[in-house]
Amino acid sequence: MSVENAFWLAHDGLAQQAPGSAATTRLLLRLAGPLPARPRAVDIGCGGGQASVLLAAEAGAEVVAVDTHEPFLEQTRAAAAAAGLGGRVRTVAARMQDLPLPAGSADLIWAEGSVYLMGFDEALVAWRDLLAPGGALVLTECEWTTPEPAPGARAFWAAAYPAMRTTDGNVRAALAAGWIVTATYLLPDSDWAAYYDPLAARIEALRADGIDGASLDEVAHEIEIRRAYGGDYGYTGYVLRPRP
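Reading the values: the criteria
- Residues numbered from 1 in each chain as written.
- Predicted model: local features only at pLDDT ≥ 70, side-chain atom pairs only at ≥ 80, totals over all residues.
- Heavy atoms only, no water.
- Buried < 20%, exposed > 50% of the residue type's maximum accessible area, 1.4 Å probe, protein only.
- Helix = DSSP H or I, 4+ residues; strand = E, 2+ residues; numbered from the N terminus.
- Pairing = 2+ DSSP bridges.
- Lys, Arg positive; Asp, Glu negative; His and termini not counted.
- Salt bridge = Lys/Arg side-chain N within 4 Å of Asp/Glu carboxyl O.
- Polar contact = N/O pair within 3.5 Å; in protein donor to acceptor, adjacent residues only side chain to side chain.
- Contact = heavy atoms within 4.5 Å.
- Phe/Tyr/Trp six-rings, centres within 6.5 Å; stacked < 30°, edge-to-face > 60°.

Asker: Could you give an account of the pairing of strand S7 (residues 233-242), with specific residues and numbers?
Answerer: For S7, a buried count of nine out of ten residues is recorded, marking the element as mostly surrounded by other parts of the structure. As paired elements, strand S5 (residues 131-144) and S7 share eight bridges and run antiparallel to each other. Note that in S7 the partner of Leu137 across the bridge is Leu240. Relative to S7, strand S6 (residues 179-186) is paired through seven bridges, and the arrangement is antiparallel.

Have a look at this one:
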């Protein structure tokens, strides 16, 4: 089995596909500030739809949930239907680099744990025109929390996400790209546990079922790196608005 297939097998059906929690989503939503009564939201890299459903339920949003992985879109539709919000959450299969949405069609762009797939700088350029006047972009990004990370952490992330920076570096990049940084928030360790603990249990269950151990080891390695070097990096939430 390829590492990519092992990754999807390990993640399908999990509540989290990246560090985060409903509490963090709610906090970031509050930090986003005033929105229209029924905001138009786009959840980019929606995963299983956790944020999509919360935005529909608690912000009254009409949500377009975007992902490339059809099982995640199915999970999102099922979660929205179970919450009685099937009419408020629409799924779209698309790459985040090629969103089939018109300019100015979003009051809120949401991207928890997904921007790294495209790149922080690239997303700030590509998604800006999607926002309507007064709109906000909320995202979470993996970052160094120390200027001198341990060699083991640096080696892992040099391969996994070589563009990773500190919060200061990303704030400066956002300002240079024409955005106002209205809030930042370092996700707590509990948000990592909410992702990694179920993922570790799934990996062990798959091993017990006889799934190729070498491919699963690649998926599990990220958890081991976090346990060893978690003080050197974290996820930071951003609330950004285009500079007028």
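Here the narrative resumes.
Asker: Residue-level account of the side chain of Arg241, with values.
Answerer: By the element assignment, Arg241 lies in strand S7. Buried charge Arg241 goes without a salt bridge, the closest partner of opposite sign being Asp107 at 8.6 Å. Side-chain polar atoms of Arg241 contact the backbone oxygen of Gly134, separated by 2.4 Å. In this structure, Arg241 is in contact with Ala32, Gly33, Pro34, Gly134, Gly135, Ala136, Trp179, Ile180 and Thr182, ignoring residues within four places of it in sequence.

Asker: If you had to explain the pattern of salt bridges to someone new, which residues and values would you point to?
Answerer: If you walk through the whole model with that rule in mind, you get eleven salt bridges. One salt bridge connects Asp168 with Arg172, and the closest N-O pair in it is separated by 3.0 Å. Residue Asp168 and its partner Arg172 are both found in helix H7 (residues 167-176); the two are separated by four residues, about one turn of the helix. The residue Glu204 makes a salt bridge to Arg207 at a minimum N-O spacing of 2.5 Å. Linking Glu204 with Arg207, this pair stays in helix H8 (residues 189-208), spanning three residues, or about one helical turn. Its relative accessible area of 28% is what places Arg207 among the partly exposed residues. Taken together, the salt bridges that share partners define one network made up of Arg38, Glu62 and Arg88.

Asker: Which residues make up helix H3 (residues 50-58), and what values go with them?
Answerer: Where H3 is concerned, the buried positions are Ala51, Ser52, Val53, Leu54, Leu55 and Ala56. Considering only its buried residues, H3 is in contact with helix H2 (22-31), strand S1 (40-44), strand S2 (62-67), helix H4 (70-82), strand S3 (89-93) and strand S4 (106-111). Where H3 terminates, the next one or two residues include Gly60, which has phi positive at roughly 65°.

Asker: Run through the packing of aromatic side chains, naming residues and quoting values.
Answerer: As enumerated under the stated definition, the model contains eleven aromatic pairs in all. Ring centres of Trp144 and Tyr233 lie 6.4 Å apart, and the angle between their planes is 90°; this geometry places the pair in the edge-to-face category. Pair noted here: Trp144 is in strand S5 and Tyr233 is in strand S7, with a separation of 89 residues, a long-range link. As far as burial versus exposure is concerned, Trp144 and Tyr233 are alike and both buried. Their ring planes at 55° and their centres at 5.6 Å tell us that Trp192 and Tyr235 sit as a pair that is tilted. Here Trp192 is found in helix H8, whereas its partner Tyr235 is found in strand S7, with 43 residues between them in sequence. Taking the relative accessible area as the measure of exposure, Tyr235 reaches 7% and is therefore buried. Taken together, the ring pairs connect Trp144, Phe156, Trp157, Trp192, Tyr195, Tyr196, Tyr233 and Tyr235 into an aromatic cluster.

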